[in-house]
Amino acid sequence: MRYTDFKDKKLSLLGMGCMRFPQEGEGWGMPIIHDKAQEVIDQCMAKGINYYDTAYIYHHGESETFLGEAMKKYPRDSYYIADKYSMNAEPDFKKQFATQLERLQTDYIDFYLLHAVGDNTIDKYITNGCIEYFEELRAEGKIKHLGFSFHGSSDALRKMTARHNWDFAMIQLNYFDWWHCGHDDFYHHLREKNIPIMIMEPVHGGLLANLTEEGNKMLKDAQPDKSIASWAMRFFLDLPGIAVVNSGMSSMEQAIDNLETFSNDEPLSAEEKEILKKASTMLYESIAAKCTACKYCVPHCPMGIDIPYQLTTYNNYKTGGGEWRLNRLTVLPEDKQPGACIHCGVCRTHCPQDLDIPALMTEMDGILDKLKG
């Protein structure tokens, strides 16, 4: 395992994101399969991963509770926990932090973040007193390092970095976002500010584990023995300033593949980067909804629609699978299909990608009506 220097700590470059533990069934809020999730954690610990990133809302709070129980077998100084204050879930930051310590069965959190800072939340995070309170906790040793996770514009990022002397920041970054969505600007700004960078969504919520048919072939022809997802991970191996790359590993197979990538430590060659950029461009030109399946929208939908599932199906249709791929939505109850969307727009306020979800639901509903007719 490759490690990075962070102040007085050695962090595994590969971290485990705890938003996508093995779970019972698909969709938001399914219970964690504890024995399988424990096996993944044990494998990660055995192979040198020492950074575990959770949040108050992951798995409806079960992520923190499970992680606290799963890590009891290990010495507390053998791993680092990252957790987050989710303002929309529980505005009372004092209450939320106390709950998190209880769930995690610990008396301190190593890396604490303001969760999902964006253009529509930044002012509240800056003015509600949470930063000052968390600084008090840092002085007491209950928080070791204070940072923020970011989903917003370049202007908002600059406003955030100007507000406080942050220990670190977490941004969504992968080769797709770097080449096509302008997230390289986030990276370069944090580097200019000398702020250590944590990475989320390195495989873009699974999007980069399976590209277009032609793109997959290009990568497999170049490296037959490497998975498509491993190219996304290798993208970071020669990128300076990255402290941790968090990956949500929902199966043992994914964990083993990631561990092999970060143990072999083989950055992309110049030729491989050109191949990858071509494959990425093919995907960009074919895809419609850049959903990362973060599921931040799901708890707020008044109709209880599984929006990421709908958008994944939509992308399967848009990337050449044909309208028939939307047929799988017809097996859902009618009040969970795209036509049940009431166009309230609440989902958009929670979408880090600022997707026009109601418009996409309308498009899908029209196609389904045609298919049913």
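Below you will find a few notes about this structure.

Scoring rules and cut-offs
Residues numbered from 1 in each chain as written. Predicted model: local features only at pLDDT ≥ 70, side-chain atom pairs only at ≥ 80, totals over all residues. Heavy atoms only, no water. Core = buried A, V, L, I, M, F, W, Y, C linked by side-chain atoms within 4.5 Å. Buried < 20%, exposed > 50% of the residue type's maximum accessible area, 1.4 Å probe, protein only. Contact = heavy atoms within 4.5 Å. 1 Å grid on protein atoms, 1.4 Å probe; cavity = no way out; pocket = protein on both sides within 12 Å on 5 of 7 lines; lining within 4 Å. Points joined across faces, edges and corners; volume = space filled by probe spheres on them. Helix = DSSP H or I, 4+ residues; strand = E, 2+ residues; numbered from the N terminus. Nonpolar A, V, L, I, M, F, W, Y, C, P; charged D, E, K, R; others polar. Expected span 1.5 Å × (residues − 1). Arc of directions from axis to C-beta. Pairing = 2+ DSSP bridges. Axes fitted to C-alpha atoms, helices over the stretch in contact; angles between N-to-C directions. Salt bridge = Lys/Arg side-chain N within 4 Å of Asp/Glu carboxyl O. Polar contact = N/O pair within 3.5 Å; in protein donor to acceptor, adjacent residues only side chain to side chain. Parallel < 35°, antiparallel > 145°, perpendicular 65-115°, else oblique. Phe/Tyr/Trp six-rings, centres within 6.5 Å; stacked < 30°, edge-to-face > 60°.

### What to know about the nonpolar core
Ranked by internal contacts, the top residues of the largest apolar core, which has 85 residues, are I41, Y52, L114 and F134. Discounting residues that sit within four places of it in the chain, Y52 has contacts with M16, C18, I41, C44, M45, L67, M71, Y79, Y80, I81 and A82. Among the nonpolar cores identified, the runner-up in size contains 23 residues, and I307, L326, C347 and I357 belong to it.

### Points about the layout of surface pockets
One number sums up the size of the second largest pocket: a volume of about 720 Å³. Lining the second largest pocket we find 36 residues, and of these H151, Y296, H350, C351 and P352 sit closest to its centre. Considering each element in turn, the lining of the second largest pocket owes the most residues, 3 residues, to helix α14 (residues 346–350). Broken down by class, the residue content of the lining of the second largest pocket amounts to 13 nonpolar, 17 polar and 6 charged.

### A short note on helix α1 (residues 34–46)
Counted at 1.5 Å a residue, the expected span for α1 with its 13 residues is 18 Å, and the 18 Å between its end C-alpha atoms agrees. Along α1, the residues that are buried comprise A37, Q38, V40, I41, C44 and M45. The arc enclosing the buried residues of α1, seen along the axis, measures out at 160°, which places them on a common side. Opposite its buried face, α1 presents the exposed residues D35 and A46, each directed more than 90 degrees away. Residues of α1 that are buried make contact with β3 (14–17), β4 (51–53), α2 (62–70) and α11 (252–264). Two residues or fewer after α1 comes G48, characterised by a positive phi angle close to 105°.

### Side note on the sheet that holds strand β6 (residues 109–117)
Here we have 8 strands rolled up into a closed barrel, ordered β3-β4-β5-β6-β7-β8-β9-β10, and parallel in their pairing. The sheet shows a mean angle of 30° between the axes of neighbouring strands, direction not considered. Bridging between strand β9 (residues 197–200) and strand β10 (residues 242–248) involves 3 bridges; their strand directions are parallel. The residue bridging I197 from the neighbouring strand is I242, located in β10.

### A look at the pattern of salt bridges
Under the counting rule described, the total for this entry stands at 22 salt bridges. Linking K95 and E90 is a salt bridge whose minimum nitrogen-to-oxygen distance equals 3.9 Å. We classify E90 as buried; its relative accessible area is 16%. Beyond isolated ion pairs, a larger network of salt bridges with shared partners links E135, R138 and D167.

### Focus: the environment of K9
Examined against the element boundaries, K9 turns out to sit in strand β2 (residues 9–12). Along the backbone, K9 and Y80 are 71 residues apart, and their C-alpha atoms lie at a distance of 9.6 Å. Contact partners of K9, with chain neighbours within four places excluded, come to T4, Y80, F111 and H145. There is a polar contact of 3.4 Å between the side chain of K9 and the side chain of D8.

### Let's talk about the packing of helix α3 (residues 93–104) against helix α5 (residues 130–140)
Running from amino to carboxyl end, α3 crosses α5 at an angle of 40°, the nearest separation of the two axes being 10 Å. If you check the angle between α3 and α5, you find them oblique. In this structure, α3 contributes F93, K94 and F97 to the contact, and α5 contributes C130, Y133, F134 and L137. Tallied by class, the residues present in the contact of α3 with α5 amount to 6 nonpolar, no polar and 1 charged.

### Looking at helix α9 (residues 213–222)
Every buried residue of α9 is accounted for by G215, N216, M218 and L219. For α9, the angular spread of buried residues about the axis comes to 160°, placing them on one side. Within α9, the exposed residues directed more than 90 degrees away from the buried face are E213, E214, K217 and D221.

### Some words on the packing of aromatic side chains
Counted under the stated rule, the structure contains 25 aromatic pairs. Ring plane angle 90° and centroid distance 6.3 Å describe the contact between Y80 and F111, whose orientation is recorded as edge-to-face. Taken together, the residues span a long stretch of sequence, with Y80 in strand β5 (residues 80–85) and F111 in strand β6 at a distance of 31 residues. Taken as a pair, Y80 and F111 share a single burial class, namely buried. Centre to centre, the rings of Y112 and F134 are 4.9 Å apart; their planes meet at 70°, and the pair counts as edge-to-face. Of the two residues, Y112 sits in strand β6 while F134 sits in helix α5, which places them 22 residues apart along the sequence. One exposure class covers both Y112 and F134, and it is buried.

### Focus on the environment of T261
As for its position among the elements, T261 is in helix α11. The class for T261 is buried, based on a relative accessible area of 8%. Measuring from C-alpha to C-alpha, the distance between T261 and K95 comes to 40 Å, with 166 residues separating the pair along the chain. Ignoring sequence-local partners within four residues, the contact set of T261 consists of S230, M233, R234, L237 and E266.

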